[in-house]
Amino acid sequence: GESVGLHLPTLSVQEGDNSIINCAYSNSASDYFIWYKQESGKGPQFIIDIRSNMDKRQGQRVTVLLNKTVKHLSLQIAATQPGDSAVYFCAEDGGEYGNKLVFGAGTILRVKS
Amino acid sequence: DGGITQSPKYLFRKEGQNVTLSCEQNLNHDAMYWYRQDPGQGLRLIYYSQIVNDFQKGDIAEGYSVSREKKESFPLTVTSAQKNPTAFYLCASSPDRVYYGYTFGSGTRLTVV
């Protein structure tokens, strides 16, 4: 079946540096992509989303890039802070007209002070 | 405040017993979802419902059952047929399409003793 995967299971960055978390997706029909942040013992929280008709979207300290040619999604976090330490998931709608989301395995981000 | 509430936060079950996890939302969302999360892994879809009195199996529905008698509520029963029920369970809701993303609850950690 279709799946969303991540290149790096764990990412360690120094506080203040920029972080880049990557995600590969396999369903070329996917139209909608989301990044979630999950802190330990809590439910995932929405960070930023992007539609397939865009290749970049910016939020506060975060940017999502979408490369449909190579089916790649990335999340960039500027000036990473200790509070950014969490598991980050990408998700896609699987091309089913927004029926449900398919989640990747997640990347652990550790911020070193 | 609008949100999605899962209860209890921690649940212990003896082998062979059924147990029901509660999920309530006051966001007026049409769709609701149940995911299972195991340590170091991503989210796997158990069941979802897009409308009252209707629900569909997800990827790992065996050993689980749900009901959707009210728009606000989507309880999940973990039956004795579920061979390895110890996990973190997440409930989510969304408008009829996921283009606004999911809102997640804070999760229920189920442990079989």
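Now for a description of the structure that goes with this document. These figures come from a predicted structure and were not determined experimentally.

## Details of the state of the cysteines
Logical step 1: A complete count under the given rule lists 2 disulfides over all chains for this structure.
Logical step 2: Here C23 of chain A engages in a disulfide with C90 of chain A; their sulfurs sit 1.9 Å apart. Taking the sign of the torsion about the S-S bond as the criterion, the disulfide between C23 of chain A and C90 of chain A, at about 60°, is right-handed. Placement of C23 of chain A in strand β3 (residues 19-25) and of C90 of chain A in strand β9 (residues 86-92) is noted, with a sequence separation of 67 residues between them.
Logical step 3: A sulfur-sulfur distance of 1.9 Å marks the disulfide that ties C23 of chain B to C91 of chain B.

## Looking at unusual backbone geometry
All names here are of chain B.
Logical step 1: A cis amide bond links S7 with the next residue in sequence, P8, at an omega value of -5°.
Logical step 2: Inspection of the secondary structure assignment puts P8 in the loop between β1 (4-7) and β2 (10-13).
Logical step 3: Its identity is not glycine, yet N53 carries a phi of approximately 65°, on the positive side.
Logical step 4: Following the sequence through the fold, N53 ends up in the loop between β5 (43-51) and β6 (54-57).

## Looking at the pattern of salt bridges
Logical step 1: Evaluated as defined, the whole model comprises 8 salt bridges over all chains.
Logical step 2: Between E39 of chain A and K42 of chain A there is a salt bridge, with the nearest N and O atoms lying 3.5 Å from each other.
Logical step 3: You can call E39 of chain A partly exposed: its relative accessible area is 24%.
Logical step 4: The partner of D38 of chain B in a salt bridge is R36 of chain B, and the shortest N-O contact between them spans 2.9 Å.
Logical step 5: Each of the salt bridges in this network shares a partner with another, and the network as a whole consists of K37, E39 and K42 of chain A.

## Considering the side chain of T80 of chain A
Residue and element names in this part refer to chain A.
Logical step 1: The topology assignment puts T80 in the loop between β8 (72-77) and β9.
Logical step 2: The class for T80 is buried, based on a relative accessible area of 0%.
Logical step 3: Once residues within four sequence positions are removed from consideration, T80 is found in contact with V13, E15, G16, D17, N18, S19, R61, L109 and V111.

## Describing the interface of chain A and chain B
Logical step 1: Contacts between the two partners involve 21 residues from chain A, matched on the other side by 22 residues from chain B.
Logical step 2: Between chain A and chain B lies a buried interface of about 1,700 Å² when both sides are counted; carbon and sulfur atoms form 55% of it.
Logical step 3: The largest per-residue losses of area from chain A upon contact with chain B belong to N99, K100 and F103 of chain A, which jointly make up 28% of the total buried on that side.
Logical step 4: Counting every contact that joins chain A to chain B gives 0 salt bridges.
Logical step 5: In this structure, the connection of chain A to chain B is made through 5 residue pairs in polar contact (both at pLDDT 80 or more).
Logical step 6: Counting residues per element, the side of chain A that touches chain B draws most heavily on strand β4 (residues 32-38) of chain A, which supplies 4 residues.
Logical step 7: In terms of residue class, the side of chain A that touches chain B is made up of 9 nonpolar, 6 polar and 6 charged.

What counts as what
Residues numbered from 1 in each chain as written. Chains lettered and ligands numbered in written order. Predicted model: local features only at pLDDT ≥ 70, side-chain atom pairs only at ≥ 80, totals over all residues. Heavy atoms only, no water. Disulfide = S-S within 2.5 Å. Helix = DSSP H or I, 4+ residues; strand = E, 2+ residues; numbered from the N terminus. Salt bridge = Lys/Arg side-chain N within 4 Å of Asp/Glu carboxyl O. Buried < 20%, exposed > 50% of the residue type's maximum accessible area, 1.4 Å probe, protein only. Contact = heavy atoms within 4.5 Å. Buried area = accessible area lost by both parts, 1.4 Å probe. Polar contact = N/O pair within 3.5 Å; in protein donor to acceptor, adjacent residues only side chain to side chain. Nonpolar A, V, L, I, M, F, W, Y, C, P; charged D, E, K, R; others polar.

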